[in-house]
Amino acid sequence: MAKTAELIINGKSYKFPIVEGTENEIAVDISTLLEDSGAITLDLGYKNTGATKSAITFLDGDKGILRHRGYSIEELASMSSFLEVSYLLIFGELPNKDQLDKFSDDIKRHTMVHEDIKKILDGFPSSSHPMGVLASMFCAQTAFYPESLDPNRSAEGVYLSIVRSLAKMPTFAAWAYKNAMGHPVNYPDNSLNYCSRFLKMLYALPAEHYEVDPIVASALDKLLILHADHEQNCSTSTVRIVGSSKASIYSSISAGINALWGPLHGGANQEVILMLEAIKKDGGDVEKWINKAKDKNSGFRLMGFGHRVYKNFDPRAKIIKQTADEVLGKLGVNDPVLDIALKLEEVALRDPYFIERKLYPNVDFYSGIIYRALGIPVDMFTVMFAMGRLPGWIAQWKELRENKEPIGRPRQIYTGQNLRTYVPIGKR
Ligand code: ACO
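The rules behind these values
Residues numbered from 1 in each chain as written. Predicted model: local features only at pLDDT ≥ 70, side-chain atom pairs only at ≥ 80, totals over all residues. Heavy atoms only, no water. Helix = DSSP H or I, 4+ residues; strand = E, 2+ residues; numbered from the N terminus. Rg over C-alpha atoms; globule rule 2.2 N^0.38 Å. Buried < 20%, exposed > 50% of the residue type's maximum accessible area, 1.4 Å probe, protein only. Contact = heavy atoms within 4.5 Å. Areas by Shrake-Rupley, 256 points an atom, 1.4 Å probe, with all protein chains shown as cover. Lys, Arg positive; Asp, Glu negative; His and termini not counted. Charge placed at Lys NZ, Arg CZ, Asp CG, Glu CD. Pairing = 2+ DSSP bridges. Disulfide = S-S within 2.5 Å. Patch = residues over 30% accessible without salt bridge, like charges linked within 9 Å, V, L, I, M, F, W, Y side chains within 5 Å. Salt bridge = Lys/Arg side-chain N within 4 Å of Asp/Glu carboxyl O. Phe/Tyr/Trp six-rings, centres within 6.5 Å; stacked < 30°, edge-to-face > 60°. Near = heavy atom within 4 Å. Polar contact = N/O pair within 3.5 Å; in protein donor to acceptor, adjacent residues only side chain to side chain. Nonpolar A, V, L, I, M, F, W, Y, C, P; charged D, E, K, R; others polar. Expected span 1.5 Å × (residues − 1).

A.B. asks: Before we move on, can you summarise the overall build of the protein with the specific residues and values?
C.D. replies: Helix and strand counts for the protein come out as 18 helices and six strands. Relative to its length of 428 residues, the protein is compact, with a C-alpha radius of gyration of 23 Å against a globular reference of 22 Å. Based on the C-alpha atoms only, the size of the protein along its principal axes is roughly 75 × 65 × 55 Å. Taking all 428 residues of the protein together, 47% fall into the buried category. In the protein, the share of contacts with a sequence separation of at least 24, taken over all contacts with a separation of at least 6, comes to 71%. As presented, the protein carries roughly 21,700 Å² of accessible surface, and 53% of it is formed by carbon and sulfur atoms. Looking at the protein, you have 50 positive and 51 negative side-chain charges, and the mean spots of the two groups are 6 Å apart.

Written out as structure tokens, the structure is:
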């Protein structure tokens, strides 16, 4: 017998089907609620609302599980490469060697950006945050590739937009940084792999020879894998909702970049380092800062702690913590803020406030420490997150399109004034 849920509103009963996912998660399908009963559901922050059915990423917040297309994040992070994971997320299966070579070659063919995009870049003051520059350049592609605006684009056309997005993202990201530095931009060196190409564009100076450190490139590749997708978070839901209006892939992803920027989402990685620096400058009294985070009047939160879904541990944070240790060791970097981070974590995890609220370090807690060790400037941390999240956004945008999902349009409960009579301006 089909499983149903019953809801009684003002004494009248309504039945709704229960939908089960492949990992036995359950949802009450209330699609007919408004039509049948005249009521809507109210769920601020969508804490209990499933906005879609998706076959891309599974995560279980209580058990600390994260899987892409069925593969665990632990296996992908230790054995795979960022482009391999990108292919998996976007096309549903791990590529064989020929498929990966072709994908990688197609991406290499599109790493250059139109010279006129440089004029847009030149218009930004060097004080611009690179996230704003990145979002703008990403969206500007709609102007250079107007065919991407066609909502009925062929599969080949969509593939080209996907490849262009992955190819140009590192170029945009490095150029956003160069703009902030007031340096001339570097063009992509296609003899290098994805991460090395980015690093060279980021760091090379015209007057100096630059050799990419393979330890740095491989650590970055792992970090990008760890950020590649995370189902229906704030930025991904944004990409899906913008995409649901049949906006182009470039404008949908640009919206995702903007959503990611906020300090409660991807912007937290930058905030973590600023917080650790502030604690260090303040004498390193970790307990004092923990108490501040517990005081609701302080307006301060422990950045890099807590997660909407993970209520046990964030599996990405575990891998990143271990990677931070390895990378700092290999590079011979001794960062005093790592000690502060370790101590902060230790004290917070013993504190009843954090235990009761199930607040654990999230992906952003240690990622900033690695980015710093790799020489990546603080303002660029969230840009690195965007680079990593790109394949996830693309996969989710593609899935929404293939599933022919309706336009996203939530309802509301109106709490404003009832009808009143207009009073002309002189009589108010
Ligand atoms: N420091 C102190 N208290 C916290 C923190 C924190 N970092 N996070 C949550 N809390 C407290 C809240 O004050 C609240 O307490 P209360 O029940 O006494 O009112 C309780 O824990 C629940 O917090 P909510 O804000 O309701 O949880 P929500 O799921 O809405 O928020 C979020 C999750 C935004 C991640 C939150 O934990 C936070 O602000 N963390 C710091 C920012 C951060 O690290 N963001 C990155 C998230 S990961 C990512 O986006 C990649």
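The structure having been displayed, the exposition proceeds.
A.B. asks: Describe the sheet that holds strand S6 (residues 71-72), and please don't skip the residues or the numbers.
C.D. replies: Within a sheet, adjacent strands bond to each other through the backbone by hydrogen bonds, running parallel or antiparallel. The antiparallel open sheet is built from three strands, whose spatial order is S4-S5-S6. What marks the edges here is a single partner per strand, and that holds for strand S4 (57-60) and S6. One ladder, built from four bridges, connects S4 with strand S5 (residues 65-68); its direction is antiparallel. Bridging from a neighbouring strand, Phe-58 pairs with Arg-67 of S5.

A.B. asks: Break down the state of the cysteines for me, with residues and values.
C.D. replies: On inspection of all chains with the given rule, the structure shows zero disulfides. Cysteine Cys-234 is unpaired, with the sulfur of Cys-139 as its nearest cysteine sulfur at 17 Å. Residue Cys-234 is classed as partly exposed on the basis of its relative accessible area of 47%.

A.B. asks: Which residues make up a nonpolar patch on the surface, and what values go with them?
C.D. replies: Together, Leu-42, Leu-44 and Ile-413 line one region of the surface with nonpolar side chains, adding up to about 360 Å² of accessible area. Relative to the helices and strands, Leu-42 resides in the loop between helix H1 (33-37) and S4.

A.B. asks: Can you break down the packing of aromatic side chains residue by residue, with the values?
C.D. replies: Following the criterion strictly, the structure yields 16 aromatic pairs and no others. Seen in terms of ring centroids, Phe-91 and Phe-103 are 5.9 Å apart; in terms of plane orientation they differ by 85°. Their pairing is edge-to-face. Pair noted here: Phe-91 is in helix H3 (residues 82-91) and Phe-103 is in helix H4 (residues 97-108), with a separation of twelve residues, a long-range link. On the basis of relative accessibility, which here comes to 29%, the residue Phe-91 falls in the partly exposed class.

A.B. asks: So what about the site of the ligand? Which residues, and what values?
C.D. replies: Taken together, 21 residues sit near the ligand, with Arg-301, Leu-302, Gly-304, Arg-308 and Tyr-353 positioned nearest. Between the ligand and Arg-301, the relevant distance is 2.7 Å, taken from an oxygen atom to a side-chain nitrogen or oxygen of the residue. Contacts to the ligand include Leu-302, whose backbone N or O atom sits 2.7 Å from a nitrogen atom. Here the shell around the ligand is composed, by residue class, of ten nonpolar, five polar and six charged.

A.B. asks: Outline helix H11 (residues 249-261), supporting the account with residue identities and numerical values.
C.D. replies: Compared with an ideal rise of 1.5 Å per residue, which puts 13 residues at 18 Å, H11 spans 19 Å between its outermost C-alpha atoms and is within 8% of the ideal. Of all 13 residues in H11, eleven are buried, a share of seventy percent or more. For H11, the full list of buried residues reads Ile-249, Tyr-250, Ser-251, Ser-252, Ile-253, Ser-254, Ala-255, Gly-256, Ile-257, Ala-259 and Leu-260. Looking at the buried positions of H11, the neighbouring elements they touch are helix H6 (130-144), helix H7 (155-181), helix H10 (234-243) and helix H18 (381-402). Structurally, the start of H11 carries an N-cap: the backbone nitrogen of Tyr-250 is 3.2 Å from a side-chain oxygen of Ser-248.

A.B. asks: Give a description of the pairing of S5 that names residues and reports values.
C.D. replies: Side chains Leu-66 and His-68 of S5 all project onto a buried face; the interleaved residues Ile-65 and Arg-67 project onto a face where none is buried. From the end of S4 to the start of S5, which pair antiparallel, there are four residues, and Gly-64 there has a positive phi angle of about 70°. Bridge count between S5 and S6: two bridges; the pairing is antiparallel. For Arg-67, the partnering residue across the bridge sits in S6 and is Ser-72. The turn linking S5 back onto S6 is made up of two residues, and Arg-69 within it adopts a positive phi angle of 50°.

A.B. asks: So what's going on with helix H17 (residues 363-373)? Residues and values would help.
C.D. replies: For H17, a buried count of ten out of eleven residues is recorded, marking the element as mostly surrounded by other parts of the structure. Buried within H17 we find Val-363, Asp-364, Phe-365, Tyr-366, Ser-367, Gly-368, Ile-369, Ile-370, Tyr-371 and Ala-373. Here the buried face of H17 lies against helix H9 (214-226), helix H12 (268-281), helix H14 (315-331), helix H15 (336-350) and H18. One or two steps after H17, the chain reaches Gly-375, where phi turns positive at roughly 90°.

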